[in-house]
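Single-letter residue listing:
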Amino acid sequence: MTKYFFYIIPFIALAGCSKQLRQTNPNQETAQVFWKTSADAYNAGNSVYGSLILDGSYMRFTHVILNTRGDDATSNSPWNEIYNCGKFALDVNGFAAQAPYTAYYQGVFRANQVIENVPKISMDTALRDRILGQAYFLRGLYFFHLASIYRNVPIPLTIAQSSAGYYVHQSPQDSVYGQAIADFTQAVSLLPVSYANVSGPDQGQVGRATKGAAMAFLGKTYLFIHQFTLAAQQFLNVIDLGIYSLVPNYHDNFTDQDENNAESIFEVQFSRTVGGTADGWGPNDPDATWGKYEARAVTFGPRNFAYGDVQPTKILYSEFLQEKTAGGATDPRLYATMFYNTPTMTVYGQSFQTTFGKNDSEVFCRKYENDGFYPNEFTPAAFQSGINYRMIRYADILLYYAECLNETGQTAQAYPYIQQVRARVGLPDLATVHPNMTQQQMRDQLAHERFLEFGLEGRRFEDIVRWGWLQDPAKLAMLQARDPEFNTYFPGREYMPIPLADIQANPGELQNPGW
Amino acid sequence: MKKQLSRQIAIAIMKISLIPALLLMLVFCSYASDSRGQKLLDKKVNLQLVDEEMRNVFTALEKQIDAKFVYSPEIIGASRKVSVEAKDKQLSKVLSDLLEALNINYELVDNYIVLSKKTGKSPGYHSYGTIPDNSPYAYVKIGGRVVNSTGQPLEGVSVVVKGTNIGTTTNANGEFSLNVPDPQSTLVVSYIGYQGQEIPVADKTYLPIALTAENSQLNDVVVVGYGTVKKSDLTGSVGVVNVGNVEKVATYDVARSLQGQVAGVTVQGSGEPGGFVNIKIRGISSLNDNNPLFVIDGVPIVNEAPYDFPMDDIESIQVLKDASAGAIYGSRAAAGVIIITTKKGRSGPVRVKYSGYIGAQNMPKTLPLTNRQQYQQITTQAEKNAGLPIAAANDPSNAAYISNTNTDWQKAAFKTGVIQDHNLNFSGGTEATSYSMSLNYFDQSATIKGGPGEPKYNRYNANASIQSKAGILSFGGRFAFTESHKQNITYPHLHPNIGNEIVDLDRAIPTVPVNDPKRLGGFGGTDEVTQKAIVLNVIGMNNLMNSYSDRNRFLGNSWLELEPVKNLKYRLNLVYDRTETRDLFFEPQYDLGWYYLNNTAYLTDSRGAQYTALVENTLSYKFTLGQHRIDLLAGTTYEKDDLQNMTGLESGFNPPYYLSFGTGDPTTASVTSGEQRATMSSFLGRINYNYGDRYLITVNARRDGSSKFSPEHRWGNFGSVAGAWNISNEKFIHLPDAVSFLKLRGGYGTLGNQNFPSYYAYTTYINSNASYLFGNTPGSGNQYLAPGSIQTQVADPTLKWETKTTSNLALDLGLLNNTLLFTAEYFVNTDKDLIAQPPIPLSVGATNTPYVNAASLRNSGIEFTVTYHKTFGKLALNIEANAHTLKNKVLQLGGTNDPIYGAESKTEVGHEVGQIYGYVTEGIFQNTGDIQKHAIQPNAAPGDLKFRDIDGNDTINALDQTYLGSAIPKLYYGLNLSLSYGAWDASVFFQGNEGNKIVNGLYQTLMAGQYTNHYIDELNYWTPTHANTNVPRPVIGDPNGNDGPSDRWVQSGTYVKLQNAQLGYNFPTAKLNRTHVFKSIRVYVSGQNLLTLTKYKGYDPDIISDGLFSRGFDYGSFPNPRSYMVGLQVGF
């Protein structure tokens, strides 16, 4: 009777089997088995670029914070995070403060992995150098953004092995710029001038970081810390590469029709068609469905056709009218930069005056908008613009170089570089119009030239900060007159607040003064 | 034959395959028709008693057989002294020898041997009270019906005429009829476990009688996990739920029904149909999942336990609150255990029962919001204060001024919902095998409008259980299938919601019409240019969008038990719990105004399945040695959890819409999928020791392994010890007469917990979707995808088990013959190494917050339970009250002790979890002089709030926030009052909590003074000429942060609710008998959430939140509806 009771006994023992407790993730490769092949290195290298196209970076919010704070743009957005940005009244724990910070550090994390692991992989050394060079370039780029936007921030350079390694100390802004310089310097030495003739999976690709891009940003970083001689050298190196030129049609820099062109030194790649159809806003984990499009167009575009969260200032409009082309026409850059009240102006194919009235106070962003190609920015779907963002173009190099020459006492030598930029849009020779400028006059002229050439490209507020205008009462008063948003500027707030969440999670990290 | 069969069993089971085991069960069911009763009667017994009261003979026999004697002592004369001598004699023989002479019949019913007086006529077991024809008396025929305090009929109740041998017992409907010698006689009504009653006949011919359970709770058998124990023998902390009270709650969710019913249990819920609730036993014990483990008929249910389970099937509910009680469920028990036993079939002819209710539900409250004119006034002021032009729609001087639309969004959206529940049960069986089968349908529609997308929930459930016994083998199974459909509250996928259904409804501005035929889709929305407000038309959204979740769940468990040697039991329990889910989301093209414009119709369809397979083996043995009673238990369990899902996505659909892939733009289609698996293995043991019913000790030990930890941290050892001293059984202590029961209990133990949602948290992996794109030709738009793979998340490989240490001290007191029972308990629980995802620095660059052993907490509290049962003639009174306090303290947080911030809350060492946190306001700046005198508030202007400079550094910034109150109530309580009088019964249930604060996030958003709609209080805003107010100026952009986290939004969360009131009526049996169809009918009316006393300014202080770091934050929690119901319970 009791015999069959004992058949059960082995079964009891079986139930406690320890082997059954070994479970591995069936969905994804673990980090332990990665970093073995050149394909791993290549794919990892590509991923470092991914942080350029998040909501916090160039998909949307970096545009918002770089533009709204300048006197070339303003915001009447109903969303506080945009509305308050240019008014220097951000919520320290808000989205605008947090999203860019998060996006850049995600990029740093990826770059660190490549820099740490790729050298250990046995593979083609030329390809390895290119991958490492791009990782250094991008890490430098992310640190450059962190330093110029957030001031004093941590510099993590290794990968945390456990939770104990998450707490990297805050470093002063100079050290962060210093790290960017070191990274760009490495990148200059490792990157090719072009990928046209390299051998490897990256052969023929455009949009990758090149030696010229690394030089350009190395120069820009020196410029930001007022190392004009070192900066000038890098800009000259870019010019001397001889591969960059201004495109004849200024507006071609801001559409998806002439991307990665001869003027473009480094641009962020976006597409309406490549990639998934879900919004890859980040900052969460990348998904296969994520699209690769940008949301600047719908955010900045004119109301009725887009959200109209960011608009040009009236001063940007009126400053364009100060100087006519040699042929007596309006500076064509005005038309490329904004929609404004003029009888011939069309907005996405519709008459400006019919839509907005004959109203001079209405100006809207046109640069980086899909006007002329789509009926509005909601079609076929909102947030899905494919226009690459030209992060640095040859015009930058020419005007930066001119500035370095002026700052190092070579004011006269600056003229031809400035004139190249003016000549493209038909403006008369500067040497004729304003000959023999003093260094200070040249500074003001450069400010004017840059204001118009780079209106709505996020350069203006960078310039204002590095020129020290916010600390100069006369300049601040001028800015307040040009853009009333500066009325609520408060010392220290030229830098964004370090996100409160980061201060709360990282002991010893201090908020920027003024916040 | 038998031998072969046993081998089959063994082989089948060793395959650990469920299906063969189930098939085997079916084979067995047919095989088991062998009369168990005959076997019992054939059983050999040994007995030698001389001159012993007959009742003691039966007691002695009961110890040798697996059956109980049932009899009316008066009728059979149980105190007569008899002598019995039996040596290895068949039971049937012993009984007939003994009883024949005494003119007593016996009959086997189920596990009972029913004794009755012999009448000469054929003996139906409830008809032995009929009177011999040759009786000398003039008899009066009377009838009656006996029910319990909740109106349920009691079967087998003894009804005897006082001072005579004349008597009878009640039938299955509780009815009896009897010939009494004198219309002035008195009836003695008695029933095991109930208080006896003497009822004067007083010339009546029909007597409805209600019996009250007598000290029942102490004799009740309590299910404690892999076994049962008498409540008086408990050592651990176990709360016994009065199912009668719980069943009155109209809900789909058992967890919801426990609100206020048990000391130490807190429930937070919302009124969203099909929404989950938060249930916590003795406070927060985990930073992930604080829901207790539900064990249904011995089956631990891992996934969303109470959700798919009909309320009507419940027989009993017990709550295990400390480590000693819960230890046996070990690694799943850290948050407490709720043990549910379902109704089982009993032997006898098929019984059919129906119970159901139908009711109406509505929103108990609407908030006072601004109308068109008030809205325009405030928003215009906000624009003026910001120096902005007035929005055209709000400007009377503008052509676009809106004066003819004044939508009251609450009025437009709120409606009456319907709730209904129907349950049909069949049960019956033979002596060997019994079955029960029930069918359930539940349906609830929302109290908010909106076409196809309005929230609703319905559920179909079929449930069958069977148990059988054949010799040393008993076995059974329970199989339940549930299909449910939940229409979710949905938001447009491209336009992240700003609030939620309630927040968005209230923020909607009055100048938008509900319907607008000019817009695509036909619903109103705001205009970007003229109105400037981003608000969502919730009614339109509900109509246009479609999102639902279907769940099909199969829960099967089969068990078998072998008892080769008396009291040595081996039990095998196999469980398979599988849920198939489908989540569909569809968004058509529509125009709901500014921001909510969609040109691309979009469909996602997720299919998933999750299952838990569980094998449990236990071996138990119990024995008695003189005064020592010992129960031993040892076992192993093995569990596997698996989760799979696949999501398809496509967009570009055009009307007419078909919700199938391929009908949209196929180039947009994509699929993602994944699977997760976790396993767990445990060894467990328990010793229960009882010395003379006075000293009781329970010892538990277990070893648990989980695949969720790295091999170095995989195994944990846990144990507990508890003891009790039953003082009232102590001979040397003489308690006052009023004290009928007194016991002291205490326990200490540890439990492990690995119940956090990530299955592979200790490993890092590579995300291969981190792609980018490059161009292939300079100057062209040609681009292609470049694959990207990288580690995007971080993981902590040192992750290990959470440990919970509990201490419990309790006193049980019974007074006045246990009509009044009182329990007080004090507990301290310490949770160490709690696994959580505290924020990590953003500079780590990870897309996740990894699971780490992040915190240690302590919870302590006192719990009181008082019950009082008393019958006064026809009136039966039942009072149950419970209350508990809870204190929470954070002992440690992560490696750095960094605080964790939630929504207007902060969790910090030395404080409680989720304490409310923000700025302290100090009134309003009246002029620029005021501002200059105050600490620097960079963007302040007259009319803005003044914040207190907490850190005294003369600048207001994030460091000036402070604690603003506790989100944890000081006291929770529940009070059930029920009484029955004859055929009528009535009950009320009050529930409440005391002393907590709520951050009213809804009020906050309605007082923001922006473009969205306002609470009426905002009309009192500051202006230079209206300075005497506490409402700051409205200003677009809110530069001063008037709307930020501050004491402005902190409100009292104290409330008392009349949660339930019910009035029932039982139809007289005599009338029902004439129908020959109905055996019992009870009808009732009830109301739920009838009254709330509170100062809270939101809809309902009973909110659902994250229950943790932001536990006090109410951001539009869906208000609990008020319900009115009629119900029917019928026995056929």
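The rules behind the values
- Residues numbered from 1 in each chain as written.
- Chains lettered and ligands numbered in written order.
- Predicted model: local features only at pLDDT ≥ 70, side-chain atom pairs only at ≥ 80, totals over all residues.
- Heavy atoms only, no water.
- Pairing = 2+ DSSP bridges.
- Helix = DSSP H or I, 4+ residues; strand = E, 2+ residues; numbered from the N terminus.
- Axes fitted to C-alpha atoms, helices over the stretch in contact; angles between N-to-C directions.
- Core = buried A, V, L, I, M, F, W, Y, C linked by side-chain atoms within 4.5 Å.
- Buried < 20%, exposed > 50% of the residue type's maximum accessible area, 1.4 Å probe, protein only.
- Expected span 1.5 Å × (residues − 1).
- Salt bridge = Lys/Arg side-chain N within 4 Å of Asp/Glu carboxyl O.

> Can you lay out the sheet that holds strand E48 (residues 915-918) of chain B for me, pointing to particular residues and giving the numbers?
Hydrogen bonds between backbone groups are what pair the strands of a sheet, and the pairing can be parallel or antiparallel. Residues and elements named next belong to chain B. Read across the sheet, four strands follow the order E46-E47-E48-E51 without closing on themselves; strand pairing throughout is antiparallel. Taken across any chain shown, the strands that pair with only one partner, and hence form the sheet edges, are strand E46 (900-902) and strand E51 (962-965). Here the average twist between neighbouring strands, direction ignored, is 45°. Here E46 runs beside strand E47 (residues 905-907); their pairing, made up of three bridges, is antiparallel. Looking at E47, one finds that Gly902 is bridged to Ser905.

> Please give an account of the nonpolar core that cites residues and values.
The biggest cluster of nonpolar side chains holds 151 residues, and the ones touching the most others in it are A:Leu52, A:Val114, A:Phe137 and A:Phe266. Among the elements that take part in this core, helix H7 (residues 125-150) of chain A stands out by supplying 15 residues, more than any other. Of all hydrophobic cores here, the second largest spans 65 residues; its members include A:Met59, B:Tyr375, B:Tyr595 and B:Tyr1003.

> So what about the pairing of strand E56 (residues 1055-1066) of chain B? Which residues, and what values?
All names here are of chain B. Most of E56 sits out of view: nine of its 12 residues are buried. Pairing geometry for strand E53 (residues 984-994) and E56, over 10 bridges, is antiparallel. Within E56, the position partnered with Asn993 by the bridge is Tyr1055. As paired elements, E56 and strand E57 (residues 1080-1094) share 11 bridges and run antiparallel to each other. Bridged to Gln1062 within E57 is Ser1086.

> Can you lay out the sheet that holds strand E6 (residues 140-147) of chain B for me, pointing to particular residues and giving the numbers?
All names here are of chain B. The strand order across the open sheet built from three strands is E9-E6-E12, with neighbouring strands paired in mixed fashion. Pairing within the sheet leaves two strands with one partner each, and these edge strands are strand E9 (175-180) and strand E12 (206-210). Along the sheet, successive strands turn relative to each other by an average axial angle of 25°, direction set aside. Relative to E12, E6 is paired through five bridges, and the arrangement is parallel. Within E12, the position partnered with Val146 by the bridge is Ile209.

> Would you mind going over helix H18 (residues 439-453) of chain A in detail, with residue names and values included?
An α-helix turns once per 3.6 residues; consequently, residues spaced three or four apart project the same way. If you check H18(A), its first and last C-alpha atoms are 20 Å apart, about what 15 residues at 1.5 Å a residue would give, namely 21 Å. Looking at H18(A), one finds that the buried residues are A:Met442, A:Gln445, A:Leu446, A:Ala447, A:His448, A:Glu449, A:Arg450, A:Phe451, A:Leu452 and A:Glu453.

> Now, about the pattern of salt bridges: what can you tell me, with residues and values included?
Tallied over the full model, the rule gives 54 salt bridges over all chains. Of the charged contacts in the structure, one is a salt bridge between A:Asp396 and A:Arg459, with a shortest N-O distance of 2.7 Å. You can see A:Asp396 sitting in helix H15 (residues 394-407) and its partner A:Arg459 sitting in the loop between H18 and helix H19 (460-466), a full 63 residues away along the chain. On the basis of relative accessible area, A:Arg459 is assigned to the buried category, the value being 2%. Measuring nitrogen to oxygen at the nearest pair gives 2.9 Å for the salt bridge that ties B:Asp642 to B:Arg677. Placement of the pair is B:Asp642 in strand E32 (residues 628-653) and B:Arg677 in strand E33 (residues 665-691), with a sequence separation of 35 residues. Overlapping salt bridges, with partners in common, bring together A:Glu263, A:Asp331, A:Arg333, A:Lys367, A:Arg393, A:Asp396, A:Arg424, A:Glu453, A:Glu457 and A:Arg459 in one network.

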